[in-house]
Amino acid sequence: MTTVPASAATAAAPGFLEKHHFLLRRLHSLTGIVPIGVFLVAHLVTNSSLAWGKFGLRGEHAELGLQGGGAYYFQKEVAWINNEVPHLLLIEITLWAAIAFHSIFGVYYALQGKNNIARYSYQGNKRYALQRISGYFGILFIFYHIATLRWGWSFLVPGGTAWDHKFAVSTLATALRGGESFTAAGVAVSIFYFLGISLLVFHFANGIWTAAITWGLTISRQAQERWGYVCAALGAGLMLAAWSALIGALAISPADARKSEELFNKGKGAAIVAPAGPNTAPNIR
Amino acid sequence: MSTHTPVDPAAIARMANRKTAKAGRTVIFRIKRCDGPGKPSYWQDFKVQVPKNANVISCLQQIALSPVTTGGQPSTPVVWESGCLEEVCGSCTMVINGSVRQSCSCLIDDYAPSEGDTLTLEPMSKFPVVRDLWVDRARLFNNLKRVKAWVPIDGTYASGSGPKESPEDQETRYVLSTCMSCGCCLEACPQFNVEADESKWNTDFIGAHAISQARLFNMHETGKRLAAERLEALSGAGGVSDCGNAQNCVKVCPKRIPLTESIAAMGRAVVFHKVKQFFNR
Ligand code: HEM
Ligand code: SF4
Ligand code: SF4
Ligand code: FES
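Please read these numbers as outputs of a predicted model, since none were measured by experiment.

Q: Hey, could you run me through the coordination of the iron atom of ligand 1 in this one?
A: The textbook angles at a metal center are 109.5 degrees for a tetrahedron of four donors and 90 or 180 degrees for an octahedron of six. All names here are of chain A. Coordination of the iron atom of ligand 1 by the protein is provided by H102 (NE2) and H203 (NE2), with metal-donor distances spanning 2.0 Å. Geometry at the iron atom of ligand 1 is octahedral, judged from its six donor atoms and the angles of 86 to 179 degrees they form at the metal. Taken together, the positions of H102 in helix α5 (residues 88–112) and H203 in helix α8 (residues 184–214) put the pair 101 residues apart, joining distant regions of the chain. Relative accessible area serves as the criterion here: at 18%, H203 is assigned to the buried category.

Given below as structure tokens:
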């Protein structure tokens, strides 16, 4: 089957991007949902346990209170991921590759459009614009997030804290605060986190709404509207999870977090000494 | 499945102005002009005494009678394109107060009901200007050719009568068939942008109108013969996947064609087409 040789065409040989246009477009859509979107959901639900983890402990270590209990439960989950999940590095690399693909093509596709919300301020058009803005911002945020908390680029963290999975909460809390207590740079990092997670949750929720049109799942206006409500509800739930994770991480002092972590680590039989301060965290793996 | 898209509430709200608009009031027409292809654009203002129920075309005719700007400078008549004067040919499409629509069906009473109100007229920005408000929509028609938006009946022998059409399909198809190639959906689309280089016309985003016409002719019992070719064109560069789902097209379409339903329907058809091709070829 050949395409139409329309009158205006000059017969240039199609490049790689044009030849595989459909496949690349659909892979871009798919990677946004699996694996990135699925991971996002799992990641935010796990992290929100910083806020509700105490209730997950079912009375165990009640002396830790709401915040200490959350830290204990979260530390337990991080330990489980690091010790029990098989092929963790393979999973991580798959995820990074998918994020890189989706981001690079996302920017390329976003650059092909030209926002016109000034003239056509329909709600759908605003979401179109925000989908692209949140994509751009998302790249910055995800890169900073992974570089500082996973790859150990602690020179990007005010106070220089390196994240440590055996002290998951205290090192996170110090990174967000910029030290043992809040600093101006730490507040900036925390605001950056708030914007990053909020925009990405919007991006995902709006993304699964558009994906249903892209793949032709929702065709009628009514179906698109109905699925829109489902996406909005899912987005609201995820937003709640994301915000409670951030609030949970900001509300606990690094010192209190270390108490919970030591208690957990002692229970695991591992003789791990807590880091003395934000700059001297041992990088135990 | 729904047929017509609901009317824009803003348009209904504007109609309320008809009751208060006074005959004989002065309205300033602020017009973006251009003397020819590639020439720079400039703005000129004209005063018009507007009678009741005047539309943009009748006011442009008044300006043509004595083209003098508000500053008292003699000028040339403003050039525009029109045909049917009843919103069925699409040729008079322009950007009015920042939004694209037909000028023949645009009542001044709706937009500028009070003495001294201003109405802004610009040519569409996604097509090359021929002169003033007149643009060249060749690319729109080129994109209809990309999807073979016709029923193939030409041949060397009579092919007899066509297959029966079902009333259900006919009902869905009717509204799609009312497209008048006006270009509103392209003007408002953030994914459809000006392209002077004709060699790129066939790989740039094809636009909502062509996607919807491909659906119309793929649903037609005889038009179906070209279905695979249309889907092949729609799956390629500039095809349906380049739509960014901003859904401006459906809001501005004067015929209230459910363009976003067509986009989703063709998105689905293209998936099936590609999967089938993967296994069959
Ligand atoms: C947490 C990370 C991310 C998730 C979960 C995610 C998810 C999604 C989903 C589900 C879609 C919908 C695909 C469709 O409409 O078919 C989408 C679209 C999009 N994403 Fe992402 N994304 C993420 C990060 C990014 C980043 C970092 C960028 C960089 C710019 C980006 C740019 C885009 C763009 C431009 C679209 C619209 C594509 C189009 O409709 O043409 N995304 N994303
Ligand atoms: S689909 Fe609607 S807006 Fe687009 S060209 Fe046809 S009539 Fe005009
Ligand atoms: S839905 Fe697609 S075709 Fe319609 S205006 Fe948006 S990007 Fe353009
Ligand atoms: S002149 Fe035909 S639509 Fe206005």
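Q: What is the right way to look at the confidence of the model for chain B in this model?
A: Here chain B shows a mean pLDDT of 96. Residues at 70 or above account for 99%. For this predicted complex, the interface score ipTM comes out at 0.95, alongside a pTM of 0.93.

Q: Explain the site of ligand 1 to me, please; I cannot follow it from the model alone.
A: Residues and elements named next belong to chain A. R25, S29, H102, H203 and T210 are the nearest of the 24 residues found near ligand 1. The contact in question runs from an oxygen atom of ligand 1 to an N or O atom on the side chain of T210, over 2.6 Å. Here an oxygen atom of ligand 1 and a side-chain polar atom of T214 are 3.1 Å apart. Of all the secondary-structure elements, those providing two or more residues to the shell around ligand 1 are α2 (21–47), α5, α6 (123–149) and α8. Classifying every residue of the shell around ligand 1 gives nine nonpolar, 13 polar and two charged.

Q: Help me understand the environment of A100 of chain A in this model?
A: With respect to the secondary-structure elements, A100 of chain A resides in helix α5. For A100 of chain A, a relative accessible area of 35% puts it in the partly exposed group.

Q: Sorry if this is basic, but what is going on with the site of ligand 3 here?
A: Neighbouring ligand 3 are C189, Q191, F205, A208, C243, G244, N245, A246, Q247, N248, C249 and I263 of chain B. The residue makeup of the shell around ligand 3, split by class, is seven nonpolar, five polar and no charged.

Q: What am I meant to see in the interface of chain A and chain B here?
A: In many analyses, interface size is given as the accessible surface area lost on bringing the parts together. At the junction of the two partners, chain A supplies 38 residues and chain B supplies 56 residues. Between chain A and chain B, a total of about 3,900 Å² is buried, with carbon and sulfur atoms accounting for 54% of that surface. Viewed at the interface, chain B and chain A are joined by two salt bridges. In this structure, R25 of chain A and D242 of chain B form a salt bridge, with 2.9 Å as the shortest nitrogen-oxygen distance. Scanning the region where chain A abuts chain B turns up 17 residue pairs in polar contact (both at pLDDT 80 or more).

Q: How should the domain arrangement of chain B be read in this particular structure?
A: Residues and elements named next belong to chain B. Splitting chain B by domain gives domain 1 (9–135) and domain 2 (138–279). Taking only C-alpha atoms into account, the centre of domain 1 sits 31 Å from that of domain 2. Listed per partner, the contact involves 13 residues of domain 1 and 15 residues of domain 2. Interface area for domain 1 against domain 2, summed over the two sides, is near 1,200 Å², with a carbon-plus-sulfur share of 58%. When the buried surface of domain 1 facing domain 2 is broken down by residue, V100, K126 and F127 rank first, second and third, together holding 52% of it. Viewed at the interface, domain 2 and domain 1 are joined by one salt bridge. Between E87 and K255 there is a salt bridge, and its shortest N-O distance comes to 3.9 Å. Remark: the boundary between domain 1 and domain 2 carries six residue pairs in polar contact (both at pLDDT 80 or more). Among the secondary structure elements, those contributing two or more residues to the side of domain 1 that touches domain 2 are β3 (93–96) and β4 (99–102). Broken down by element, the side of domain 1 that touches domain 2 gets its largest block of residues, three residues, from β4.

Q: Would you explain the pairing of strand β5 (residues 118–122) of chain B in this entry?
A: Along any regular strand the residues' side chains alternate between the sheet's two faces. Residues and elements named next belong to chain B. Taken across its five residues, β5 has four buried, putting it largely inside the fold. Sheet topology places strand β1 (residues 25–34) next to β5; four bridges connect them, and they run parallel. From the neighbouring strand, I28 faces β5, where its bridge partner is T118. By the bridge criterion, two bridges tie β3 to β5 in an arrangement that is antiparallel. Its bridge partner being in β5, I96 is matched across the sheet by L121.

Q: Can you help me understand the environment of Q277 of chain B in this one?
A: All names here are of chain B. In this structure, Q277 sits in helix α10 (residues 259–280). Along the chain, Q277 and F192 lie 85 residues apart, while their C-alpha atoms are 28 Å from each other. Of note is the side chain of Q277, whose polar atom sits 3.0 Å from the side chain of K274.

Q: Please explain the sheet that holds strand β2 (residues 41–50) of chain B as it appears in this structure.
A: Within a sheet, neighbouring strands are paired by backbone hydrogen bonds and run either parallel or antiparallel to one another. All names here are of chain B. Strand order across the open sheet formed by five strands is β2-β1-β5-β3-β4, with mixed pairing between neighbours. Each edge of the sheet is formed by a strand with only one pairing partner; in this case those strands are β2 and β4. Looking at each pair of strands side by side, their axes are set apart by 30 degrees on average, direction ignored. Note that β1 and β2 share 10 bridges and pair antiparallel. Across the sheet, F29 pairs through a bridge with F46, a residue of β2. Where helix α2 (residues 56–65) meets the sheet, it contacts β1, β2, β3 and β5, and its direction lies at approximately 100 degrees from that of β2.

Q: What should I look at first to understand the packing of helix α8 (residues 227–235) of chain B against α10 of chain B in this one?
A: Two packed helices can be described by the angle between their axes and the distance between those axes. Residue and element names in this part refer to chain B. Interhelical geometry of α8 versus α10 gives an angle of 100 degrees and a closest axis separation of 9 Å. In terms of axis orientation, α8 runs roughly perpendicular to α10. Counted together, A228, L231, E232, L234 and S235 of α8 and M266, A269, V270, H273, K274 and Q277 of α10 form the full contact between these two elements.

Q: In this structure, what is going on with the pattern of salt bridges? I would like to understand it.
A: A side chain with one charge may pair with a side chain of the opposite charge, provided their charged atoms come close. All names here are of chain B. As enumerated under the stated definition, the model contains 16 salt bridges over all chains in all. In this structure, E229 and K148 form a salt bridge, with 2.4 Å as the shortest nitrogen-oxygen distance. Taken together, the residues E229 in helix α8 and K148 in the loop between α4 (138–146) and α5 (167–177) connect sequence positions 81 residues apart. For E229, a relative accessible area of 18% puts it in the buried group.

Q: Honestly, helix α9 (residues 221–251) of chain A in this entry has me stumped. Any pointers?
A: Two residues of an α-helix separated by three or four positions point the same way, owing to the 3.6 residues in each turn. For α9 of chain A, spanning 31 residues, the distance from its first C-alpha to its last is 44 Å, which sits close to the expected 45 Å at 1.5 Å a residue. Where α9 of chain A is concerned, the buried positions are A223, Q224, C231, G235, L238, M239, A241, A242, A245, L246, G248 and A249 of chain A.

Calculation criteria
- Residues numbered from 1 in each chain as written.
- Chains lettered and ligands numbered in written order.
- Predicted model: local features only at pLDDT ≥ 70, side-chain atom pairs only at ≥ 80, totals over all residues.
- Heavy atoms only, no water.
- Donors = N, O, S within 2.8 Å, 3.2 Å for Na, K, Ca; no water.
- Tetrahedral: all angles 85-135°; square planar, octahedral: opposite > 155°, others 65-115°.
- Helix = DSSP H or I, 4+ residues; strand = E, 2+ residues; numbered from the N terminus.
- Buried < 20%, exposed > 50% of the residue type's maximum accessible area, 1.4 Å probe, protein only.
- pLDDT = per-residue confidence, 0-100.
- Near = heavy atom within 4 Å.
- Polar contact = N/O pair within 3.5 Å; in protein donor to acceptor, adjacent residues only side chain to side chain.
- Nonpolar A, V, L, I, M, F, W, Y, C, P; charged D, E, K, R; others polar.
- Contact = heavy atoms within 4.5 Å.
- Buried area = accessible area lost by both parts, 1.4 Å probe.
- Salt bridge = Lys/Arg side-chain N within 4 Å of Asp/Glu carboxyl O.
- Domains from an automatic or database assignment.
- Pairing = 2+ DSSP bridges.
- Axes fitted to C-alpha atoms, helices over the stretch in contact; angles between N-to-C directions.
- Parallel < 35°, antiparallel > 145°, perpendicular 65-115°, else oblique.
- Expected span 1.5 Å × (residues − 1).

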